[in-house]
Amino acid sequence: MTRHFLDLADAGGDAIAAMLADALDRKQARAGWPKGRADSDAPLAGHTLAMIFEKNSTRTRVSFDMAMRQLGGTTIVMDAGSMQLGRGESIADTARVLSRYVDAIMIRTDDHAKVAEMAHHATVPVINGLTDHSHPCQIMADMLTVLERKAKLAGSTWAWLGDGNNVLHSIIEAGSLLHFDVRIACPDGYDPDAGMLAAARGRLDASSATISVTRDPLEAVAGADVVVTDTWISMGQTQAEAKLAAMMPYQVTPAVMAAAAPDATFLHCLPAHRGEEVVDAVIDGPQSAIWDEAENRLHAQKAVLLWCFGRIG
Ligand code: CP
Ligand code: NVA
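Draft legend 1. Structural view of the site of ligand 2. Taken together, the neighbourhood of ligand 2 is formed by Leu130, Asn165, Asn166, Asp230, Thr231, Ser234, Met235, Cys269 and Leu270. A distance of 2.7 Å separates a nitrogen atom of ligand 2 from a polar side-chain atom of aspartate 230. Here an oxygen atom of ligand 2 sits 2.7 Å away from a polar atom, N or O, in the main chain of methionine 235. Protein chains bury 94% of the 270 Å² of accessible surface belonging to ligand 2 in isolation. Classifying every residue of the shell around ligand 2 gives four nonpolar, four polar and one charged.

Draft legend 2. The arrangement of the side chain of serine 170 in detail. When you line up the elements, serine 170 lands in helix 7 (residues 166–178). Residue classification places serine 170 among the buried residues on the basis of a relative accessible area of 0%. Only 2.9 Å separates the side chain of serine 170 from the backbone nitrogen of histidine 135, close enough to count as a polar contact. Every residue in contact with serine 170, bar those within four places of it in the chain, is listed here: Asp7, Leu8, Ser134, His135, Pro136 and Ile139.

Draft legend 3. The arrangement of the packing of helix 2 (residues 13–29) against helix 13 (residues 290–308) in detail. Two elements in contact, helix 2 and helix 13, have axes separated by 8 Å at closest approach and are oriented at 125°. By the angle class used here, helix 2 and helix 13 are oblique. For the pair helix 2 and helix 13, the sense of crossing is right-handed. Residue-level inspection shows Ala15, Met19, Asp22, Ala23, Arg26 and Lys27 of helix 2 in contact with helix 13, the latter providing Glu295, Asn296, His299, Ala300, Lys302, Ala303, Val304, Leu306 and Trp307. Classifying every residue of the contact of helix 2 with helix 13 gives eight nonpolar, two polar and five charged.

Draft legend 4. Fine view of the sheet that holds strand 5 (residues 157–161). Taken together, the five strands give an open sheet; going across it, the order is 7-6-5-8-9, and neighbouring strands pair in parallel fashion. Two strands lie at the open edges of the sheet, namely strand 7 (211–214) and strand 9 (265–268), each paired on one side alone. Each adjacent strand pair in this sheet contributes to an overall mean axis angle of 20°, direction not counted. Where strand 8 (residues 226–229) and strand 9 come together, four bridges link them in parallel fashion. When the sheet's bridge partners are listed, valine 226 is paired in strand 9 with threonine 265. Packed on one face of the sheet, helix 7 meets strand 5, strand 6 (181–185), strand 7 and strand 8 and runs near 150° to strand 6.

Draft legend 5. Spotlight on unusual backbone geometry. With an omega dihedral of 5°, the bond running from leucine 270 to proline 271 counts as a cis peptide bond. Within the secondary structure layout, proline 271 lies in the loop between strand 9 and helix 12 (280–283). Of note in this structure, alanine 42 is not a glycine but carries a positive phi near 35°. As for its placement among the helices and strands, alanine 42 is situated in the loop between helix 2 and strand 1 (48–53). One non-glycine residue with positive phi stands out, namely alanine 151, at about 70°. Relative to the assigned elements, alanine 151 resides in the loop between helix 6 (136–150) and strand 5. Take alanine 151: its relative accessible area is 66%, and that puts it in the exposed class.

Calculation notes
Residues numbered from 1 in each chain as written. Chains lettered and ligands numbered in written order. Predicted model: local features only at pLDDT ≥ 70, side-chain atom pairs only at ≥ 80, totals over all residues. Heavy atoms only, no water. Near = heavy atom within 4 Å. Polar contact = N/O pair within 3.5 Å; in protein donor to acceptor, adjacent residues only side chain to side chain. Areas by Shrake-Rupley, 256 points an atom, 1.4 Å probe, with all protein chains shown as cover. Nonpolar A, V, L, I, M, F, W, Y, C, P; charged D, E, K, R; others polar. Helix = DSSP H or I, 4+ residues; strand = E, 2+ residues; numbered from the N terminus. Buried < 20%, exposed > 50% of the residue type's maximum accessible area, 1.4 Å probe, protein only. Contact = heavy atoms within 4.5 Å. Axes fitted to C-alpha atoms, helices over the stretch in contact; angles between N-to-C directions. Parallel < 35°, antiparallel > 145°, perpendicular 65-115°, else oblique. Left-handed = near helix turned anticlockwise from the far one by under 90°. Pairing = 2+ DSSP bridges.

Take a look at the structure:
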């Protein structure tokens, strides 16, 4: 059975916990090494990952590239516009062809159905590098960052302020799989996807974790261990003044952080729009973990790759 990583639920809570543990071990084992040196076991030597980008990327592109190098493998990075995909070759045919050349495919695109289509036709693992619907690789790094600071995920409380977007969808899924509370504060009309919420809530039976939605940002952050936000305008969306105005009460400010737990951690997947979803005093402040979070994309993506290749879980 080919392992695809389209959403966190594809792996499940136990495998995710194993991936996070492996990521921490590998990160610690290579502390201080040059970044381009392979891990001592070079577990993916001889393997190649192809990456397809239909949207811009800095972190996903570079972290996956360096992840493959550190695992002993190689990458091919392509912008969809310069591929035949960009002039109409189908996702299905692209998947079939790439499967004959490379050992895994990562794709960043708009419609989540395209990633599912790629996985359906590929005979090698397919990884979701962000769609309009979800961003599971990002949340692997976020969980790693919280684990480093709080030592556990289960029982912690994450507060999301702002748009009900792709990053939030993966946090909702993560909470339901790793048993942490997710409190969402978003303006009316910008709620997360109802189907994603229902699926996650359906998984909560076996734990005491909760997922809640409120219009009140201070209610969401009260005592929270993690405060997280993201851009109000995601890639592919047009800048809308009405949306920016609706989001303004959800800006993460020092007053918002003061309502969270005293040792609360601030997360942001980046790129940030300073002065919109977060102010400098928070994103550059002592509770911000954004640079570790960005670095952890690398360590988390190595674990995702190893899981896809059957080396974890
Ligand atoms: N956070 C994130 O996915 O960053 P990029 O868009 O730079 O890849
Ligand atoms: N929600 C953002 C995340 C960027 C990494 C977007 O989709 O543009």
